[in-house]
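# Results of the structural survey
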Amino acid sequence: VNCAPKQLAVSLPQVVPALADVVSDSHPKVRDSADKALKTIASVITTPEIKSLQGVLIESLVNPSDKATKTALQALLETSFVHAVDAPSLAMVCPMLTRALRERGSETKKKAAQIVASMVELMREPKDFLPYYPAIIPHLKGTLVDPIPDVRQVAAKAFGRIAGALGEEHLDDVLPWLFTTLKSSSSSVE
């Protein structure tokens, strides 16, 4: 990856998830190349807090196990952010958050929703989140109807922060969906 960081940052929303998919390929050369590419991409991160966690984040992408995901989530939650989050940082974090929001465990989903809320608030440019929006929002919606009240509360806060950062127009479909879901007899929310 021999291009300027700003040029690379524009393509990261497409590149990192694709690399995360092929990093577990059965062919060792494909895995090694994807791993090297992820490390190169991590080198353009300018957010110091995320840069210090790049090893943990890359591990969560390379090894999408429950343990690696939980380690990355915990590391992010324990990090005190003082700097704005840049687009390359989102590229390294959002694929892992999407996977964590799909997990069955309520605690994992709660932590991922907390991080989504924090990342949205810390972004240098809120529009940088838009490429990840289609992947994250459907799973974040699922946390709004989680059987555990704490998980629902954190998800609601995340949606509030997204609305504050991006504008409510990006969440037009969420309220009608939520009302329909809550009224349905199959909802686990009381």
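Quick look at the structure, then. (Residues numbered from 1 in each chain as written. Predicted model: local features only at pLDDT ≥ 70, side-chain atom pairs only at ≥ 80, totals over all residues. Heavy atoms only, no water.)

## With respect to the side chain of R99
As for its position among the elements, R99 is in helix 6 (residues 87–102). In this structure, R99 is buried with no salt-bridge partner, the nearest side chain bearing the opposite charge being E103 at 5.2 Å. A distance of 3.3 Å separates the side chain of R99 from the side chain of T69, its partner in a polar contact. Setting aside its immediate chain neighbours within four residues, R99 contacts S60, L61, P64 and T69. (Helix = DSSP H or I, 4+ residues; strand = E, 2+ residues; numbered from the N terminus. Buried < 20%, exposed > 50% of the residue type's maximum accessible area, 1.4 Å probe, protein only. Lys, Arg positive; Asp, Glu negative; His and termini not counted. Salt bridge = Lys/Arg side-chain N within 4 Å of Asp/Glu carboxyl O. Polar contact = N/O pair within 3.5 Å; in protein donor to acceptor, adjacent residues only side chain to side chain. Contact = heavy atoms within 4.5 Å.)

## Some remarks on helix 7 (residues 106–122)
Between its first and last C-alpha, helix 7 extends 24 Å over 17 residues, near the 24 Å set by a 1.5 Å rise per residue. Every buried residue of helix 7 is accounted for by T108, K109, K110, K111, A112, A113, I115, V116, A117, M119 and V120. In this structure, the buried side of helix 7 is in contact with helix 3 (48–51), helix 5 (66–77), helix 6, helix 8 (133–144) and helix 9 (149–166). (Expected span 1.5 Å × (residues − 1).)

## Structural notes on the pattern of salt bridges
If you walk through the whole model with that rule in mind, you get seven salt bridges. When the shortest N-O distance is used, the salt bridge between D35 and K39 registers 3.1 Å. Of this pair, D35 and K39 are both found in helix 2 (residues 28–42), four residues apart, which corresponds to roughly one turn of the helix. Where K110 meets D150, a salt bridge forms, and the shortest distance between an N and an O atom there is 3.9 Å. Of the two residues, K110 is situated in helix 7 and D150 in helix 9; the sequence distance between them amounts to 40 residues. For K110, a relative accessible area of 18% translates into the label buried. For D150, a relative accessible area of 42% gives the class partly exposed.

## Some points on the packing of helix 4 (residues 54–62) against helix 6
Geometrically, a packed helix pair is captured by the angle between its two axes and the distance between the axes. Remark: helix 4 packs on helix 6, axes separated minimally by 9 Å, with the N-to-C direction vectors making an angle of 50 degrees. Classed by the angle they form, the pair helix 4 and helix 6 counts as oblique. Relative to helix 6, the crossing made by helix 4 is left-handed. The residues of helix 6 that touch helix 4, namely those facing L57, I58, S60 and L61, are M92, V93, P95, M96 and R99. Partitioning the contact of helix 4 with helix 6 into residue classes produces seven nonpolar, one polar and one charged. (Axes fitted to C-alpha atoms, helices over the stretch in contact; angles between N-to-C directions. Parallel < 35°, antiparallel > 145°, perpendicular 65-115°, else oblique. Left-handed = near helix turned anticlockwise from the far one by under 90°. Nonpolar A, V, L, I, M, F, W, Y, C, P; charged D, E, K, R; others polar.)

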